[in-house]
Amino acid sequence: MMKTGIKSVITLCVLSLLSLAVSAQVLVRERFTHYSIEPDSVEQIKLELRRKSPVSKENQLFHGGTQWKLIPKFGLQRVGNLCQISDIQVSLDGIFTLPKMTNRTTASETIQRTFDSYYTSLLEHERGHQDLWLQAGQEIERALKTMPPHFQCEQLKRQATNRVSEIVEHYQQQNKLYDTSTGHGKTQGVYIGNPPK
């Protein structure tokens, strides 16, 4: 039996090892990392986010984000004259980078409530990206499970690799559309102050 692995690094936006979950055979591992902000007023929350966020992509600064790595692995096994895919394992590793208000003991309740509402909406937006990559992982698993056997293992491996690449590319576009349609989360409440127009 031959073992092969395909790694697709998916970077979307940019979070300590906290949870492990399995969804339709896709193993999900996620970590959170936080950067500190210390706003003295509601207005200063946005300034602190802009000043201290380490999350940037294509020369744009974001207040939070995720990095996803989708890792499909499979084996190739000969059964009679045919080669078939076996031992399929798909995992999704994510790192969330989010703000953390570290002056909660001295901040007013209004500042805390405003930040907490913002944080909840930001996390919800980033979970939307996670859901899309989970769908990608599930689609990859289904595609590999239903790939017909082939006389040549190398040809089957090439077909499987190409199909995985197609699915990853499709979901990269879906994630871009998700950001565009939500204004990077603004329609989901990811803003400080008045709703954006």
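Cut-offs used in this document
- Residues numbered from 1 in each chain as written.
- Predicted model: local features only at pLDDT ≥ 70, side-chain atom pairs only at ≥ 80, totals over all residues.
- Heavy atoms only, no water.
- Core = buried A, V, L, I, M, F, W, Y, C linked by side-chain atoms within 4.5 Å.
- Buried < 20%, exposed > 50% of the residue type's maximum accessible area, 1.4 Å probe, protein only.
- Helix = DSSP H or I, 4+ residues; strand = E, 2+ residues; numbered from the N terminus.
- Contact = heavy atoms within 4.5 Å.
- 1 Å grid on protein atoms, 1.4 Å probe; cavity = no way out; pocket = protein on both sides within 12 Å on 5 of 7 lines; lining within 4 Å.
- Points joined across faces, edges and corners; volume = space filled by probe spheres on them.
- Nonpolar A, V, L, I, M, F, W, Y, C, P; charged D, E, K, R; others polar.
- Salt bridge = Lys/Arg side-chain N within 4 Å of Asp/Glu carboxyl O.

## Brief notes about the nonpolar core
Inference 1: By size, the foremost hydrophobic cluster in this structure holds 42 residues, and its most contacted members are Leu-70, Ile-85, Leu-92, Trp-133 and Ile-140.
Inference 2: Among the elements of the structure, strand E4 (26-37), helix H1 (42-52), strand E7 (65-79), strand E8 (82-101), helix H2 (109-145) and helix H3 (153-182) are those that each provide at least two residues to this core.
Inference 3: For this core, the leading source of residues is H2, giving 12 residues.
Inference 4: Filtering out sequence-adjacent residues up to four positions away, Ile-85 remains in contact with Phe-74, Gly-75, Leu-76, Leu-144, Met-147, Leu-156 and Ala-160.

## Digging into the environment of Lys-100
Inference 1: Tracing the backbone shows Lys-100 in strand E8.
Inference 2: Look past the residues within four positions of Lys-100 in its chain and what remains in contact with it is His-34, Tyr-35, Ser-36, Ile-37 and Phe-115.

## What about the layout of surface pockets?
Inference 1: Roughly 420 Å³ of internal volume is contained in the largest pocket.
Inference 2: At the level of elements, H1, strand E6 (60-62) and H2 are the ones that each hand at least two residues to the lining of the largest pocket.
Inference 3: Sorting elements by how many residues they give to the lining of the largest pocket places H2 first, with four residues.
Inference 4: Class assignment of the residues belonging to the lining of the largest pocket gives a composition of nine nonpolar, seven polar and five charged.

## What about the pattern of salt bridges?
Inference 1: Within this structure, the stated rule accounts for nine salt bridges.
Inference 2: Lys-52 is the salt-bridge partner of Glu-48, the closest N and O atoms lying 3.0 Å from each other. Highlighted residues: Glu-48 and Lys-52, both in helix H1, separated by four residues, approximately one helical turn.
Inference 3: Accessibility expressed as a relative area gives 31% for Lys-52, which makes it partly exposed.
Inference 4: Across the pair Glu-141 and Lys-145 runs a salt bridge whose closest N-O atoms are separated by 3.6 Å. Residue Glu-141 and its partner Lys-145 are located together in helix H2, separated by four residues, close to a single helical turn.
Inference 5: Bridged by salt links that share partners, the residues Glu-48, Arg-51 and Lys-52 form one connected network.

## Concerning unusual backbone geometry
Inference 1: In the Ramachandran plot, Glu-58 falls in the positive-phi region, its phi being about 50° despite a non-glycine side chain.
Inference 2: In this structure, Asp-87 takes a positive phi of about 50° despite not being glycine.
Inference 3: By the element assignment, Asp-87 lies in strand E8.

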